[in-house]
Structures are given as C-alpha cells and as structure tokens.
Amino acid sequence: MSKGQVFIISGPSGSGKDTVLKLLLNKYPEIKFSISSVTRPMRVGEVEGEKYNFISKEKFQEMINNNDLLEYNEFVGNFYGTPKKPVENAINNGEDIIVEIDVNGAAQIRKKIPEAVSIFIMPPSLELLKCRLNGRGTETPEVVEKRLLEALSEIKRAEEYDYIVVNDLLDEAVQGIASIIVSERLRLSRQYGLINEILG
Ligand code: 5GP
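Attention here is on the structure that accompanies the text. Along each chain, residue indices are assigned from 1 in the same order as the chain's sequence is written. Whole-chain, interface and lining totals are the exception, using all residues; otherwise, since this is a predicted model, local features are given only for residues with pLDDT of at least 70 and side-chain atom pairs are given and counted only at 80 or more. The side-chain values count all of the structure's non-hydrogen atoms but skip hydrogen atoms and water molecules.

**Side note on the packing of aromatic side chains**
Right, so step 1: Classification of ring pairs uses Phe, Tyr and Trp, with its six-membered ring standing for Trp, and accepts pairs whose centres are within 6.5 Å; under 30 degrees between planes counts as stacked, over 60 as edge-to-face, and the remaining range as tilted. This structure, assessed with the given rule, holds six aromatic pairs.
Right, so step 2: Here the aromatic rings of Phe120 and Tyr161 are separated by 5.2 Å at their centres, their planes lie at 65°, and the arrangement is edge-to-face. Of this pair, Phe120 sits in strand β8 (residues 117-122) while Tyr161 sits in the loop between α6 (141-156) and β9 (163-166), placing them 41 residues apart in sequence. There is no split in this pair, since Phe120 and Tyr161 are both buried.
Right, so step 3: Of the aromatic side chains, those joined through ring pairs into one cluster are Tyr52, Phe54, Phe75 and Tyr80. Strands are runs of DSSP state E lasting at least two residues, helices are runs of H or I lasting at least four, and both sets are numbered from the N terminus onward. Per-residue accessibility, obtained with a 1.4 Å probe over protein chains only, is compared with the maximum for each type, and a residue is labelled buried under 20%, exposed over 50%, and partly exposed between these values.

**Overview of the environment of Asn134**
Right, so step 1: Within the fold, Asn134 resides in helix α5 (residues 126-136).
Right, so step 2: Classification of Asn134 as exposed rests on a relative accessible area of 54%.
Right, so step 3: Taking the C-alpha atoms as reference, Asn134 lies 9.7 Å from Leu148; in sequence the two are 14 residues apart.

Below is the structure:
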C-alpha cells in the first residue's frame, strides 16, 4: 500500500480558506482533516472538535512537553498546533490528510515531512481581504488590525509554497485544489502498487 499524502493549506485570515476547505472536504469525504489544538476562545458558530480542539494554555504546554505536536506556533497571542498522531496514522494507512496551518507551521512540517505538498490560498486583492476581515464582526478592531498585519507578512512568504490558488471565484478555487490533489495521487511514487498488481 502506498503511503498517504499530507497537503498543507495556508492562507491569510480573510482569504476565505475555511469556505474553500469545507466545500473541498464535502466533495472528497475520503480526505482526512487534521483537527488543530488551539488556546484561543471559541468563536460564535464554531463547534468543539470540528476544526479545532479548544484547550487551555496548560494543556497545550503539556502537549509540547510530551512531544505530541507535529508543529505549533503562536498566532496573534494564542497557540495553535497540529497533533502528531492523526497525521502519522493517515500517512501509514495510505490516506490523504489536509493540515490547515499558518506559514510558520507549514515551514516546520516541510522540514519533518519533505514530501508534503503545500498550497497557499491567496485573496484576489488586499482591499477584499480587509473587507472580509472587517465584515466578520467576530473580533475587536485591534485584533482585526493585527490579523491584517499578519496577513501581509504571510502573503510575502507565499513563494515558499508548491502551489498558489487565488480565491476569487469560490468554485474555481475548490476546483484548483481538487486538481492538485488528483494530480498528486497520479504520481508514479503512489502507483508502484498498481504496476505490480497489473503485472501479477
Ligand atoms: P483562526 O484563529 O482564524 O482560526 O486561525 C488563525 C491562523 O492559525 C490561520 O492562519 C490558521 O491557518 C492557523 N492555524 C490553524 N490551526 C493551526 C495549527 O495547528 N498550527 C499552526 N501553526 N497554525 C494553525
């Protein structure tokens, strides 16, 4: 059995990556999604265990000490991390897994899993990004400002990624990521089993 593939997906706050990912995962229910551990408060509409496990700073520190995290980073005053086990399990079970993380986390995973494929979701313009961040209404103006600054520095690091998908038209963005996933599945490195099977 060939190993599962890790797809790193990043994009600044306000790039619309959550919506893109939701549609993508509906379309490809066999793809696993890595649930991050986070110390930030839950936003209205968020559900525990869906995208995040909301935990205390003490619990997060415990996970760091126990080497339970594949990567972690501080983002606008809160800690975000990827639990190691689910990613390792997916790889070993031949399942693809999406890890949605920031640029610093992405750099850490690339070092540990060099064959991970990384995709950056880009907003079509800065104006639209500002509009989306302000329109959310879930954060204070100070936090929105910090997220905007963070977004600018993330966009500057987009060239570290294998692919860039612009999220202008939602369906096209979803299709773009789906095409990357399908192409990666067709790589020779994932088809050795098939060759042997056909040759008997
Ligand atoms: P938000 O607070 O808007 O949900 O997420 C803020 C940022 O943290 C986003 O850029 C998101 O991609 C990133 N993020 C979410 N989970 C993780 C994680 O497990 N590790 C890292 N490094 N970043 C994460």
